[in-house]
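# Inside the fold
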Amino acid sequence: MPWELALAVDPAAPQPIFLQIARAIADDIRRGRLRAGAELPGSRALAHSLSVHRNTVLAAYRELTAEGWIEASAARGTFVSAELPAPAPRGFARRAAARTEVPARLGFDLGATPLRHVPLIPPGTLRMSGGLPDMRLVPTAALARAYRRALHTGSKRLLDYADPRGDERLRAALAAMLSTVRGLAAGPESVLVTRGSQMALDLAARALIAPGDAVAVESYGYRPAWEALRLAGARLVPLPVDAAGLSIEALSELADRERVRAVYVTPHHQYPTTAVLAPGRRIALLELCRARRIAILEDDYDHEFHYDGRPVLPLASADTAGVVVYIGTLSKILAPGIRIGFVVAPEPLIERLSLHRTFVDRQGDHAVERAVAELLEDGEVQRHAQRARRVYLARRDLLVASLRARLPDALDFAVPAGGMALWAKVDAAIDADAWAERALARKVAFSAGRRFAFDGKKRPFLRLGFAALDEREISDAVERMVEAL
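Calculation notes
Residues numbered from 1 in each chain as written. Predicted model: local features only at pLDDT ≥ 70, side-chain atom pairs only at ≥ 80, totals over all residues. Heavy atoms only, no water. Pairing = 2+ DSSP bridges. Helix = DSSP H or I, 4+ residues; strand = E, 2+ residues; numbered from the N terminus. Contact = heavy atoms within 4.5 Å. Axes fitted to C-alpha atoms, helices over the stretch in contact; angles between N-to-C directions. Core = buried A, V, L, I, M, F, W, Y, C linked by side-chain atoms within 4.5 Å. Buried < 20%, exposed > 50% of the residue type's maximum accessible area, 1.4 Å probe, protein only. Arc of directions from axis to C-beta.

### Observations concerning the sheet that holds strand 3 (residues 77-80)
The 3 strands are arranged 1-3-2 in an open sheet whose pairing can be described as antiparallel. A single partner strand is all that each edge strand has here, and the edge strands are strand 1 (39-40) and strand 2 (70-73). Relative to strand 3, strand 2 runs antiparallel, the two being bridged by 4 bridges. When the bridges of strand 3 are listed, Ala 72 appears paired with Thr 78.

This is the structure:
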């Protein structure tokens with residue numbers, strides 16, 4: 001059943017009703033509310049919704065047809081004309097009031113903004129540009145069954161307003177996973193479920209940061225996180241990153257010079273370099289932040305995908321002083337579109353984050369959260385993560401072998417111990433940005449180092465994702481890279 005078309009008519013106005021209807025429809029076409037080819041309601045339906053006689057609507061439609069705004073067919077119905085008249089056609093009649101032109105431009109000052117547009121990837125492009133999971137591996141059938149069960153057993157309660165911290169079963173399931181697999185001493189009361197890790201970071205920034213506060217970040221990093229911190233008023237200070245992760249010495253020197261409110265880090269697989277924060281630096285970072293009362297925003301975005309050596313536990317697992325705000329997501333384990341992230345923090349901060357959440361989003365999708373909780377409780381997420389880890393490991397090794405065989409002189413890199421992408425240094429004779437642009441024209445997308453550099457300047461590096469591509473696609477993508485070079 002189609003929606004009723006809402007039009008404003010005034011029986012007390014001096015213009016006849018049929019002219020008011022015709023003028024309103026023409027103005028709606030002009031301003032884009034009604035698009036070329038759009039179907040208009042039948043005369044009976046529109047007359048009923050406007051509480052007027054059908055002949056009044058027919059008269060309005062005749063005026064619009066004569067002007068060229070609409071076209072009618074006895075068999076098909078009435079539609080907005082595919083060939084619209086000139087922008088300023090003649091008036092409907094002498095009795096019709098002058099039209100009010102709708103401005104095409106913004107009618108107020110938008111103001112300056114530091115935000116940057118995310119480049120669009122053309123359809124059909126092989127995407128190596130980020131650490132994306134392969135959506136083809138997602139257990140959609142199990143998720144669909146769990147969602148149906150959630151709606152059936154949870155009834156309408158899951159569709160009502162509820163706890164802004166998230167579904168209680170999902171918080172309990174996440175706490176159990178984090179305690180068992182990641183070593184966090186977390187209970188459901190210290191977990192807040194969010195719509196992805198970006199929302200988790202945004203809420204943490206709103207709750208912790210005042211305008212002008214200094215926040216340390218990695219000099220190569222995740223720009224959306226930086227922007228979330230900036231929008232909360234943070235003054236970002238970049239610190240060096242090397243093969244052992246963030247420089248704690250540089251953070252200590254910064255803390256000696258000024259008050260540092262927080263430090264944002266990706267210690268498990270540094271984004272984008274994939275470096276793992278060295279054990280000594282982990283201890284030093286926790287001790288420094290404990291002594292200086294600096295909050296650590298730990299973004300553990302792809303914890304499950306570590307392939308070589310023993311598992312590396314989060315900073316939060318060794319936090320005895322309550323300085324770590326741990327941020328995670330199920331976007332890499334399951335899929336980004338499910339929008340499940342979480343924050344683990346001391347209860348007073350969780351309470352404050354929940355309050356901020358009520359003013360931003362009110363709550364998450366509790367039906368989806370209950371379905372994901374069931375998948376965690378049944379072990380489906382764990383089994384899927386193990387399967388995906390094996391697949392991604394094979395794809396990492398294939399990409400490494402392909403790059404070394406086809407581009408041995410162009411790229412130099414260490415095999416990443418974990419993650420969903422590798423970080424490669426480009427030969428000095430090659431312009432990494434130009435290479436990426438030419439590759440995109442050949443339908444393969446990867447990111448040059450400039451995108452991750454805090455100052456936005458050119459860097460001789462590429463980030464090449466492998467998880468989202470199967471074996472054939474990886475080989476094809478490398479060949480396109482060769483062609484582009």
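### Some points on the sheet that holds strand 14 (residues 411-413)
The 4 strands lie next to each other as 14-15-18-17, forming an open sheet whose pairing is antiparallel. Across the chains shown, the open sheet's two edge strands, defined by having one partner strand only, are strand 14 and strand 17 (447-448). Summarising the sheet, strand 17 and strand 18 (residues 461-465) pair through 2 bridges and their orientation is antiparallel. Residue pairing for strand 18: Ser 447 is matched across the bridge by Arg 463. Helix 13 (residues 432-441) contacts strand 14, strand 15 (421-426), strand 17 and strand 18 of the sheet and is inclined by roughly 35° relative to strand 18.

### Notes on the nonpolar core
Formed by 54 residues in total, the largest nonpolar core has its most connected members in Leu 174, Val 263, Leu 285, Ile 296, Phe 342 and Val 372. In this structure, Ile 296 is in contact with Val 263, Val 265, Leu 285, Leu 286, Cys 289, Leu 315, Val 323, Val 324 and Val 325, ignoring residues within four places of it in sequence.

### What about helix 8 (residues 248-257)?
Among all positions in helix 8, only Ile 248, Ala 250, Leu 251, Leu 254 and Ala 255 are buried. Relative to the axis of helix 8, the buried residues are bounded by an arc of 155° and lie together on one face. Relative to its buried face, helix 8 has exposed residues pointing more than 90 degrees away, namely Glu 249, Asp 256 and Arg 257. On its buried side, helix 8 packs onto strand 6 (214-218), strand 7 (235-239), strand 9 (245-246), strand 10 (260-265) and helix 9 (279-292).

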